[in-house]
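# Overview (structure and organization)
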Amino acid sequence: MPTDLKAMLSSHASPRPADTAGLAALRHDAARTVAAIGLLLAGAALAAAQAWLGGWYAAKAMAVFGLGCALAWRALPAHRPHARFGSANAVTLLRLALIAMLAASIGEAAASSPAGAWALVAVATVAAVLDAVDGPLARRSGSASAFGARFDMETDALLILVLCVLAVQTDKVGPWILLAGLLRYGFVAAAAPSPWLARPLPPRLLRKAICVVQTVTLIVCLAPWVEASAARWIAGAGLAALLYSFTSDIGWLARRRHA
């Protein structure tokens, strides 16, 4: 039998018992982690709702967290051959829970008060700082995977989008800043008719640094002591850097689209 035909048949063959057992163990471990962090989120969201936020706050936070977990669950097989969800992915999941709390603040009047703004800054700062933890933790523990890298990247994108919406909610920055939050999703959508956009990009320290800069500028804009005039300049600088990063990557891919 030709080698390529053998490969084709083997790729469509039923999973081996060992693979099935390993995936089941991975899902079981991931479910325990999701349940533990979900309980922490529920407790924190309920406490915040009773203290100063609306009655729908906890429900919104759990809905965002649940949707994020559902999407991650579908992609979980890409974490194989690891049979454990891993501490690095648990940190990313904790970041998702924090982002869910930020997202639930959208539309809440109390979130626009000085105390609410400082609470948003605190939660967003913790979520941003933890972004520097999950990657090194995965490499140090030998649990790095395609799933972990994608999970981390999509969590970063969601954080930027939520911060953009919150910045608009404060009336400090105009709706134009939403472009920063939608760039990633527009890039993914454009890759459907143009598959060359979905090709892997080489690692670039500048790309990571710009992502951090964009996140930090948005958090600064939420701080109560930052005036609207300054916030517009700060947010604009972050957006300009992000646009440069995306156009640079698109240009790199375009030059190699026929390769």
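As a reminder, the structure under discussion sits directly above these lines.
Notes on the structure follow.

Following Arg80, the chain continues to Pro81 via a peptide bond in cis, the omega torsion being 15°. Positive phi, close to 65°, is recorded for Asp171, a residue that is not glycine. Positionally, Asp171 belongs in the loop between α6 (146–169) and α7 (178–190). Looking at Asp171, the relative accessible area reads 65%, which means it is exposed.

If you trace the backbone, Ile106 turns up in the loop between α4 (87–104) and α5 (114–141). The spatial distance from the C-alpha of Ile106 to the C-alpha of Thr170 is 10 Å, given a sequence separation of 64 residues. In contact with Ile106, not counting residues within four places along its chain, are Lys60, Val162, Val165, Leu166 and Gln169.

Side chains that carry opposite charge are capable of pairing whenever their charged atoms lie near each other. Under the defined criterion, the tally for this structure stands at 11 salt bridges. Residue Asp29 pairs with Arg32 through a salt bridge whose shortest N-O separation is 2.9 Å. Within this pair, Asp29 and its partner Arg32 are both found in helix α2 (residues 17–51), separated by three residues, close to a single helical turn. A salt bridge links Lys60 to Glu108; the nearest nitrogen and oxygen atoms lie 3.0 Å apart. Pair noted here: Lys60 is in helix α3 (residues 57–75) and Glu108 is in the loop between α4 and α5, with a separation of 48 residues, a long-range link. Looking at Lys60, the relative accessible area reads 27%, which means it is partly exposed. Via salt bridges that share partners, Arg95, Asp131, Asp134, Asp152 and Asp156 belong to a single interconnected network.

Ranked by size, the top nonpolar core spans 38 residues in total, and within it Leu102, Leu163, Val173, Ile177 and Leu222 carry the most contacts. Listed by contribution, the elements that provide at least two residues to this core are α4, α5, α6, α7, α8 (205–222) and α9 (228–255). Looking at this core element by element, the count peaks at seven residues for α6. Those residues within four positions of Leu222 in sequence are excluded, and the remaining contacts are Ala117, Leu120, Val121, Leu163, Leu166, Ala167, Thr170 and Lys172. Among the nonpolar cores identified, the runner-up in size contains 25 residues, and Phe65, Ala72, Leu76 and Leu96 belong to it.

With that settled, consider the side chain of Asp249. Its place among the elements puts Asp249 in helix α9. Using a relative accessible area of 8% as the deciding quantity, one classes Asp249 as buried. Ignoring anything within four residues of it in the chain, the contact list for Asp249 reads Leu201, Arg204 and Arg207.

Side chains that are three or four residues apart share a direction in an α-helix, a result of its 3.6 residues per turn. For α4, spanning 18 residues, the distance from its first C-alpha to its last is 26 Å, which sits close to the expected 26 Å at 1.5 Å a residue. Burial within α4 is extensive, with 15 of its 18 residues counted as buried.

Moving on, we come to the packing of α4 against α6. Contact geometry of α4 with α6 gives a least axis separation of 10 Å together with a crossing angle of 15°. Considered as vectors, α4 and α6 are oriented roughly parallel to each other. The way α4 lies across α6 gives a crossing that is left-handed. Each of Asn89, Thr92, Leu93, Arg95, Leu96, Ile99, Leu102 and Ala103 in α4 lies in contact with α6, whose residues at this interface are Phe147, Gly148, Phe151, Asp152, Thr155, Asp156, Leu158, Leu159, Val162, Leu163 and Leu166.

Our focus in this paragraph is α5. For α5, spanning 28 residues, the distance from its first C-alpha to its last is 41 Å, which sits close to the expected 40 Å at 1.5 Å a residue. Among the residues of α5, those classed as buried are Gly116, Ala117, Leu120, Val121, Ala124, Ala127, Leu130, Asp134 and Ala138. On the buried face of α5, the contacting elements are α4, α6 and α8. Of the residues trailing α5, Gly142 is marked for its positive phi of about 70°.

This paragraph deals with the environment of Val165. Residue position: Val165 is located in helix α6. On the accessibility criterion, Val165 (28% relative accessible area) is partly exposed. The spatial distance from the C-alpha of Val165 to the C-alpha of Pro175 is 8.1 Å, given a sequence separation of 10 residues.

The next point concerns the packing of aromatic side chains. Inspection of the entire model under this criterion finds three aromatic pairs. Here the aromatic rings of Phe85 and Phe147 are separated by 6.2 Å at their centres, their planes lie at 55°, and the arrangement is tilted. Pair noted here: Phe85 is in the loop between α3 and α4 and Phe147 is in helix α6, with a separation of 62 residues, a long-range link. The exposure classification of Phe85 matches that of Phe147, with both residues buried. Here the aromatic cluster, defined as three or more aromatic residues joined through ring pairs, consists of Phe85, Phe147 and Phe151.

Reading guide: rules and limits
Residues numbered from 1 in each chain as written. Predicted model: local features only at pLDDT ≥ 70, side-chain atom pairs only at ≥ 80, totals over all residues. Heavy atoms only, no water. Helix = DSSP H or I, 4+ residues; strand = E, 2+ residues; numbered from the N terminus. Buried < 20%, exposed > 50% of the residue type's maximum accessible area, 1.4 Å probe, protein only. Contact = heavy atoms within 4.5 Å. Salt bridge = Lys/Arg side-chain N within 4 Å of Asp/Glu carboxyl O. Core = buried A, V, L, I, M, F, W, Y, C linked by side-chain atoms within 4.5 Å. Expected span 1.5 Å × (residues − 1). Axes fitted to C-alpha atoms, helices over the stretch in contact; angles between N-to-C directions. Parallel < 35°, antiparallel > 145°, perpendicular 65-115°, else oblique. Left-handed = near helix turned anticlockwise from the far one by under 90°. Phe/Tyr/Trp six-rings, centres within 6.5 Å; stacked < 30°, edge-to-face > 60°.

Nothing here speaks to function; it is geometry throughout.
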